[in-house]
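Examination of the molecular architecture
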Amino acid sequence: MKKVGFFLILLGFSFASAQTIDDSGNLQITSRKYLKEKPNADRLQGWYISGTNSLQFNQAAFSNWIAGGVNSYSLTANIDYEFNLTSGRHIWDNRVLMNYGVLRNEGEDYRKSNDVIDLTSSYGYEFIRHFYFAASANFKTQFTDGFDYNIQDSISGDYKKISTFMAPGYLSFGLGVDYKPNENFQVNFHPFTSRFTFVQDRDLQYAGSFGLKADGDSYFYEFGAFLGARYKINIWDNISYDNRLGIYSNYLRTPQNMDIAYQGVLDLKVNSFISAQATVNLFYDEDQIQKTQLKQTLGVGLSYKFNNSERLKMKEINLPPPPTLEDLNNAVIEAQKAADAANMKLEEAQQKVQEATQEVEQAEEILQDLTEQAEETSEEE
């Protein structure tokens, strides 16, 4: 519970400072006030499409190396697409996240190092600036079998299978309120969230497996509350850190024992096609294992990112509105005021020039008188 409290405090701090983050994820000092006149003022109207495709490679090779070592290499492919629609006060955000990686150490078979299928769709209606009545759905599973390589069958030599496609598979539906000031920060509170945990592999359908109540069960149902947040910040040029946090409490059984999932992604961009990425995943779900699960990866490879934000900005609906007659009249009045002020300054400058000219003429007269007096004095001598 101390860990849960820490995460809640962290989330509350992020919520309190949310309005000091601009659309690029940079920290700002001031925040804007609530406005009702223009819906979704910080989102471009229309379909916003963005995507990241990356292929990361790691290798270690040794030859006659006295200190020793094991030859190894790994390959990981990632795709992360977003398809977000904004239409007036309505928004529809969709995200497709898929990762798969393999590694091979010398003397061993290929083993899986990463395996994620994560699909999210969320609808919202803005009722106050940046606040939305929301309905969302999320589906998570994996592509292939997962094994515990510490447990091996003494007869067949096969490793113990602990997961596979749709075992587990998670499907959730939630209703609540979302706070989305921009694309880089959001908070979701869905107090009415149903979650199904599917176990479609018969070998894994036994009591206690992913929360199943009895042998032969193929799914486990939960109803509770979900609290989530995303906070992406640009640390320096070409360096960003993306935080995602999710907390789920099951009303039906031990609501105090919350499921917690955290993901942090540090992205270091070298150029348009080469980048390095470090990720950390923390997950706690007592229905799986009563321990905190940790996964950390680091890789360098090819990366290609794209979005259509510049094209969206050129759409007529996203262009600044043309000035009204009142705006033009106000502009003319302001221009006239500026011209009058400039004329007054010009007149003041001309007056000062005249005064300076008079002073010069007086100085010349005095100088001339002195010269004449000096000449008279010389003639008398």
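Bear in mind the structure is a predicted one, so any value in this text is a computation, not a measurement. (Residues numbered from 1 in each chain as written. Predicted model: local features only at pLDDT ≥ 70, side-chain atom pairs only at ≥ 80, totals over all residues. Heavy atoms only, no water.)

Observations regarding a negative patch on the surface
Taken together, the side chains of Glu-361, Glu-364, Glu-365, Asp-369, Glu-372, Glu-375 and Glu-376 make up a negatively charged region of the molecular surface. Within the secondary structure, Glu-364 is located in helix 3 (residues 325-380). (Patch = residues over 30% accessible without salt bridge, like charges linked within 9 Å, V, L, I, M, F, W, Y side chains within 5 Å. Areas by Shrake-Rupley, 256 points an atom, 1.4 Å probe, with all protein chains shown as cover. Salt bridge = Lys/Arg side-chain N within 4 Å of Asp/Glu carboxyl O. Lys, Arg positive; Asp, Glu negative; His and termini not counted. Charge placed at Lys NZ, Arg CZ, Asp CG, Glu CD. Helix = DSSP H or I, 4+ residues; strand = E, 2+ residues; numbered from the N terminus.)

As for the environment of Lys-112
Following the sequence through the fold, Lys-112 ends up in strand 4 (residues 111-128). Residue classification places Lys-112 among the partly exposed positions, given a relative accessible area of 25%. Taking the C-alpha atoms as reference points, Lys-112 and Thr-144, separated by 32 residues in sequence, lie 8.7 Å from one another. Beyond its immediate chain neighbours, meaning those up to four positions away, Lys-112 contacts Tyr-100, Gly-101, Val-102, Gln-142, Thr-144, Asp-145, Gly-146 and Tyr-149. One polar contact links Lys-112 to Asp-115, side chain to side chain, over a distance of 3.0 Å. Looking at Lys-112, its side chain comes within polar contact range of the main-chain oxygen of Thr-144, at 3.1 Å. (Buried < 20%, exposed > 50% of the residue type's maximum accessible area, 1.4 Å probe, protein only. Contact = heavy atoms within 4.5 Å. Polar contact = N/O pair within 3.5 Å; in protein donor to acceptor, adjacent residues only side chain to side chain.)

Quick notes on a nonpolar patch on the surface
A grouping of Leu-55, Phe-57, Tyr-73, Leu-75, Tyr-110, Val-270, Phe-273, Ile-274, Val-300, Leu-302 and Tyr-304 is seen on the molecular surface, where their side chains present a nonpolar patch of about 1100 Å² in accessible area. Of all the secondary structure elements, the ones that give two or more residues to the nonpolar patch are strand 1 (46-60), strand 2 (72-87) and strand 14 (289-307). If you tally residues by element for the nonpolar patch, the top one is strand 14, at three residues. Within the secondary structure layout, Leu-75 lies in strand 2.

A closer look at the environment of Val-102
Residue position: Val-102 is located in strand 3 (residues 90-105). The sequence separation of Val-102 and Thr-76 amounts to 26 residues, and the corresponding C-alpha distance is 6.4 Å. Here Val-102 is in contact with Tyr-73, Ser-74, Leu-75, Arg-111, Lys-112 and Ser-113, once residues within four sequence places are set aside.

Brief notes about the pattern of salt bridges
For the structure shown, the criterion picks out 16 salt bridges. Each of Glu-82, Arg-230, Asp-242 and Arg-244 takes part in salt bridges that share partners, so that together they form one network.

A short note on the sheet that holds strand 3
The strands making up a sheet associate through hydrogen bonds between their backbones, and the pairing can be parallel or antiparallel. Taken in spatial order, the twelve strands close into a barrel running 1-2-3-4-5-8-9-10-11-12-13-14, and their pairing is antiparallel. Across the sheet, the axes of successive neighbouring strands diverge by a mean angle of 20°, strand direction being ignored. (Pairing = 2+ DSSP bridges. Axes fitted to C-alpha atoms, helices over the stretch in contact; angles between N-to-C directions.)

What to know about the packing of aromatic side chains
The geometry of an aromatic ring pair is captured by two quantities: the separation of the ring centres and the angle between the planes. Inspection of every chain in the model, using the stated rule, returns 18 aromatic pairs. Note on Tyr-100 and Phe-143: the rings are 6.0 Å apart at their centroids and 90° apart in plane angle, and the pair reads as edge-to-face. Taken together, the residues span a long stretch of sequence, with Tyr-100 in strand 3 and Phe-143 in the loop between strand 5 (131-141) and strand 6 (146-152) at a distance of 43 residues. Accessibility expressed as a relative area gives 36% for Phe-143, which makes it partly exposed. When the centroid spacing of 6.5 Å and the interplanar angle of 55° are considered together, the rings of Phe-127 and Phe-131 count as tilted. When its relative accessible area of 30% is taken as the criterion, Phe-127 is described as partly exposed. Overall, the relative accessible area of 17% leaves Phe-131 in the buried class. Taken together, Phe-127, Phe-131, Phe-133, Tyr-179, Phe-185 and Tyr-231 form an aromatic cluster joined through their ring pairs. Sitting above the plane of the Tyr-110 ring, Arg-104 keeps its charged end 5.6 Å from the centroid. One residue, Arg-195, lies across the ring of Tyr-248, its end atom 4.4 Å from the ring centre. (Phe/Tyr/Trp six-rings, centres within 6.5 Å; stacked < 30°, edge-to-face > 60°. Lys NZ or Arg CZ within 6 Å of the ring centre and 35° of its normal.)

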